[in-house]
Amino acid sequence: MTGPLLHATDVTVRFGGVTAVDAVSFDVARGEFFAIIGPNGAGKTTLFNCLSGLVKYSGEIEFAGTRITGRRADQIAQVGIARTFQNLGLFSSMTVLENVLVGRASKITAGIPAGLVWYGKARRQDIDAREHAYEVLNVLGLTALAHTPIKSLPYGTRKRVELAKAAVVTPQLLLLDEPVAGLNHAETEELIAAVLDLKDAMDLTIVLIEHDTFLVMDVADRILALNFGQSIGLGTPAEIQANPRVVEAYLGASDASTSTSGSAR
Ligand SMILES: Nc1ncnc2c1ncn2[C@@H]1O[C@H](COP(=O)(O)OP(=O)(O)OP(=O)(O)O)[C@@H](O)[C@H]1O
Ligand SMILES: [Mg+2]
């Protein structure tokens, strides 16, 4: 298929008097590693919420040539968009494998009545789900931890489990909301390497939110910079680094962003 995988035009979200996302337009090519940066409150998560059907917006979003504006979150998951959340979304007393299978559950189509009638189909899907979960765990180096409860894992490993949980639905597009927030330098490197492994192994397109500009410079193909809901730059890492509006937004916001950021490093 030609054309971009994701095509967003004039996406706008208002919360009362606040314009959280202000006429933002961008394309993401198939196979691209695309980053969205911006200071706290810039509208990054709200933009993800638009892409994943969790908030109402004006404007248009197309995915793989199909308009997805107005679709519900579960319908968007079905077309091949998966995401992680800024705060850990794992069940702490459940094991790694159980958490990953929760991610997969949305993909299992044999409902209860069908499962009773066609027990075989439901059982086959269950086996497929486990096999596939193990493939994903393997890519992320989590196989040996499959039966370990989340609560006994270090934070960095939990973030990798979140990646596995999102990737297990075999999406085409994976949206990652500040996946390295709260990680130290070594854990950050490890997590970014895990994202790249996953991207290669599963042929994914990645959109990653990060508020530390330097972190995405090495990995992103292109970067969209937001500030107060508006796009203040879109281009290669070199172009973004040289963009005066981006530099100004970060210098102006540096005090606030270091004191209120979740990504303490
Ligand atoms: N549900 C909501 N109701 C009202 N205002 C909201 C809501 N969600 C977000 N906002 C506001 O919209 C703006 C953008 O918030 P958003 O969470 O998208 O920013 P962000 O770039 O993800 O920030 P951070 O780096 O802190 O995660 C902020 O002013 C925020 O207070
Ligand atoms: Mg956010």
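Residues numbered from 1 in each chain as written. Chains lettered and ligands numbered in written order. Predicted model: local features only at pLDDT ≥ 70, side-chain atom pairs only at ≥ 80, totals over all residues. Heavy atoms only, no water.

## Side note on the coordination of the magnesium ion (ligand 2)
- In this structure, Thr45 (OG1) and Gln86 (OE1) serve as the protein donors to the magnesium ion (ligand 2), at separations of 2.0 to 2.4 Å. Here Thr45 is found in helix H1 (residues 44-51), whereas its partner Gln86 is found in the loop between strand E6 (81-83) and helix H3 (96-105), with 41 residues between them in sequence. (Donors = N, O, S within 2.8 Å, 3.2 Å for Na, K, Ca; no water. Helix = DSSP H or I, 4+ residues; strand = E, 2+ residues; numbered from the N terminus.)

## So, the side chain of Lys199
- Examined against the element boundaries, Lys199 turns out to sit in helix H7 (residues 185-202).
- Asp200 provides the closest opposite charge to the buried, unpaired Lys199, separated from it by 5.1 Å.
- There is a polar contact of 2.7 Å between the side chain of Lys199 and the backbone oxygen of Gly31.
- Discounting residues that sit within four places of it in the chain, Lys199 has contacts with Gly31, Glu32, Phe33, Leu204 and Ile206. (Buried < 20%, exposed > 50% of the residue type's maximum accessible area, 1.4 Å probe, protein only. Lys, Arg positive; Asp, Glu negative; His and termini not counted. Salt bridge = Lys/Arg side-chain N within 4 Å of Asp/Glu carboxyl O. Polar contact = N/O pair within 3.5 Å; in protein donor to acceptor, adjacent residues only side chain to side chain. Contact = heavy atoms within 4.5 Å.)

## Considerations on the site of ligand 1
- Near ligand 1 there are 13 residues, and of these Gly41, Lys44, Thr45, Thr46 and Gln86 occur at the shortest range.
- Here Thr45 contributes a side-chain N or O atom positioned 2.8 Å from an oxygen atom of ligand 1.
- Here an oxygen atom of ligand 1 and a side-chain polar atom of Glu178 are 3.3 Å apart.
- With the chains in place, 60% of the 630 Å² that ligand 1 exposes on its own is no longer accessible.
- Secondary structure elements with two or more residues in the shell around ligand 1: strand E2 (18-28) and H1.
- Considering each element in turn, the shell around ligand 1 owes the most residues, three residues, to H1.
- Considering only residue class, the shell around ligand 1 consists of five nonpolar, six polar and two charged. (Near = heavy atom within 4 Å. Areas by Shrake-Rupley, 256 points an atom, 1.4 Å probe, with all protein chains shown as cover. Nonpolar A, V, L, I, M, F, W, Y, C, P; charged D, E, K, R; others polar.)

## Some points on the pattern of salt bridges
- Counted according to the given criterion, the structure contains five salt bridges.
- A salt bridge links Glu32 to Arg222; its shortest N-O distance comes to 2.6 Å. Separated by 190 residues along the polypeptide, Glu32 in the loop between E2 and strand E3 (33-37) and Arg222 in strand E9 (residues 222-227) bring together distant segments of the chain.
- Residue Arg222 is classed as partly exposed on the basis of its relative accessible area of 24%.
- With its nearest N and O atoms 2.5 Å apart, the salt bridge here joins Glu60 to Arg67.

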